Each structure stands twice: as structure tokens, then as C-alpha cells.
Amino acid sequence: MNHDRTTVRRRIALAFFLCFAAGFAAIEAMPRARLLQQKKEIDAKAQVPMSGLAPDKGKFRILLEGRVVGNEEFEISPSGGTWMARGSMTAHAPGGGDIKASGQLRLSPDGAPIHYEWTAQIQKKGSGAVDFVNGTAKSAIDLGGKSPFLQDFTFPSPRIAVLDNNLYYQYAVLAQLYDWKSGGKQVFPVLIPQDMTPGSISVESIGPQQVESAKYETLRVSSTDLEILLYLDAGHRLMRVDVPSSKATIERE
């Protein structure tokens, strides 16, 4: 079982590595001891701030070193008494094959995840689902074997940020979860479902920043190993994502 689980993670990690930005998937892929320490730090902080969701719809270009390698279409919209955030991306990895991924995330009105489903394909197809219940993420991955891989993760807050491999619309959701009125550095528990990797990130407003010919409100998303910059318009819609360490940019068309 341990060997099989390692194989699963290697396959998923390979798919993401070929998609040009392994750093995204490693947003907080920390060893277990560090994860436990980080959990203690989250527990010692205030609750994750409460903020509402807003509808959004669009398309992103995915660039590596300035060259377009893929795109993603996404939508965030109300659905009955809940919200639905969904996206679908395709990309061609330099020196590799085509990559496809899709995800559908159901959220409560305060942004807490309820249910998430994903599919991903590079050489083989995989899929998975996560149910969120009172801060516990009940995760399953299916790679076509006899049975799916199952694992539960418990977090200190039910308002968990879902940041999955190769699906960038989820950073648009994260920007909406950030409490802009309070500002400052805010810590969020995070789950990467395709990797079955839990952890935490900090999100901090660093004010308006000039990018090429436009000025954006900017959030800095940080883990122990990675920094990501989110650029947003006046309505806090995600317009651009920069990952300096991997020379990757995701920008709204």
C-alpha cells in the first residue's frame, strides 16, 4: 500500500513538473513534522477571516518564459444556497505532452469548501473527490486500480483553501476569501487534492503594484518554499498570477 501510494504521488508530481511549475504543487508540501508545527502556529492565530464570494467568469492564458503554453476557462457563480467554482485547463508542456485538468468546487456562502471533484490527464487519466466535513477533508484518488486511495486530513478551520495542481481559478477564490478590510497577513489551511498534500499558506496585501501598463491591487501568497503574486482589479477580480521562481505567468484574456 505504501509503495502504491508513493507511485500515485510520483505520477501526479510528474504531471505537474511537466506542466512547467512544480513550485505551484509544492505550495506547502511539507514533511509531516513541519506540518504539525505549522498546524500549531495556525491554532495559535485568529480564526481565518470571514468574507463573501462574488461571481466571476473568464479565461486565462498560461505562459512560461513569455510563451503561451495553455489556457484555462473558469466560472464562479451562485448555485442554489451554495456557490460553485469550476475550471478546465489544457496545456502543452515544453518537451513533454499535452496536459488536461478540470475541477469543480462547491462552497458554502462564507467560502468554506463542501465538495470537490477533479480530473487530470497527461499520460494516464486520474480523478478524485474530496468531501469536507467540519474541518476534515475526506479524500479519494482513482487511477483505474482495484480501489481508490483514501485518506482523511483534519484542519484547524473549516475554511480551507483548495489549491489544486494546474487549476489557477482557485487563486481567484483565494483572493475572495482574503479579508480586504482587515488587511495584513492572513493564514489559511490549504489542501492540494491531486497530491493529497495538506499544509498552510499566508496571504498578505502589499498594496497597488505597477505591472507593465496596468496597476493592480496585489496579494503575496507565501509558503516556506514559494512566493506567488496575485494581481487584482479594483473589484478584486484575479487578473494575473506570477510565479517568479518558475518564470510562469497566468493572465486574464
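In what follows, the accompanying structure is described.

Conventions used here
Residues numbered from 1 in each chain as written. Predicted model: local features only at pLDDT ≥ 70, side-chain atom pairs only at ≥ 80, totals over all residues. Heavy atoms only, no water. Buried < 20%, exposed > 50% of the residue type's maximum accessible area, 1.4 Å probe, protein only. Helix = DSSP H or I, 4+ residues; strand = E, 2+ residues; numbered from the N terminus. Salt bridge = Lys/Arg side-chain N within 4 Å of Asp/Glu carboxyl O. Core = buried A, V, L, I, M, F, W, Y, C linked by side-chain atoms within 4.5 Å. Contact = heavy atoms within 4.5 Å. Phe/Tyr/Trp six-rings, centres within 6.5 Å; stacked < 30°, edge-to-face > 60°.

Take unusual backbone geometry next. Here the phi dihedral of asparagine 134 falls at roughly 50°; this positive angle occurs in a residue that is not glycine. Asparagine 134 sits in the exposed class, given a relative accessible area of 74%. Positive phi is not limited to glycine here, since asparagine 166 has a value of about 70°. Relative to the helices and strands, asparagine 166 is located in the loop between strand S9 (161-162) and helix H4 (169-177).

Turning next to the pattern of salt bridges. Scanning all chains against the criterion turns up eight salt bridges. Residue aspartate 56 pairs with arginine 252 through a salt bridge whose shortest N-O separation is 2.8 Å. Here aspartate 56, found in strand S1 (residues 56-64), pairs with arginine 252, found in strand S15 (residues 248-252); they are 196 residues apart in sequence, far enough to count as distant. Given the relative accessible area of 7%, aspartate 56 is considered buried. Taking the shortest distance from any N to any O, the salt bridge between arginine 237 and aspartate 233 comes out at 2.8 Å.

Core analysis: the biggest nonpolar cluster contains 57 residues, and Tyr116, Leu174 and Leu230 have the highest contact counts within it. Among the elements that line this core, the one with the most residues is H4, at seven residues. Core analysis: the second largest hydrophobic core is formed by five residues, Val211, Leu229, Tyr231 and Met239 among them.

Tracing the backbone shows asparagine 71 in strand S2 (residues 67-79). The exposure class of asparagine 71 is partly exposed, given its relative accessible area of 25%. Each C-alpha atom, one on asparagine 71 and one on alanine 91, is 6.5 Å from the other, the two residues being 20 residues apart in sequence. Those residues in contact with asparagine 71 that lie beyond four places of it in its chain are Lys59, Phe60, Arg61, Ile62, Ser88, Met89 and Thr90.

The final tally for this structure, using the stated rule, is three aromatic pairs. Where phenylalanine 60 meets phenylalanine 74, the ring centres are 4.7 Å apart and the plane angle is 5°; that geometry is what we call stacked. In this pair, phenylalanine 60 is assigned in strand S1 and phenylalanine 74 in strand S2, connecting sequence segments 14 residues apart. For the ring pair tyrosine 216 and tyrosine 231, a centre distance of 6.0 Å and an interplane angle of 50° mean the geometry is tilted. With tyrosine 216 in strand S12 (residues 214-222) and tyrosine 231 in strand S13 (residues 227-232), this residue pair connects regions lying 15 residues apart in the sequence.

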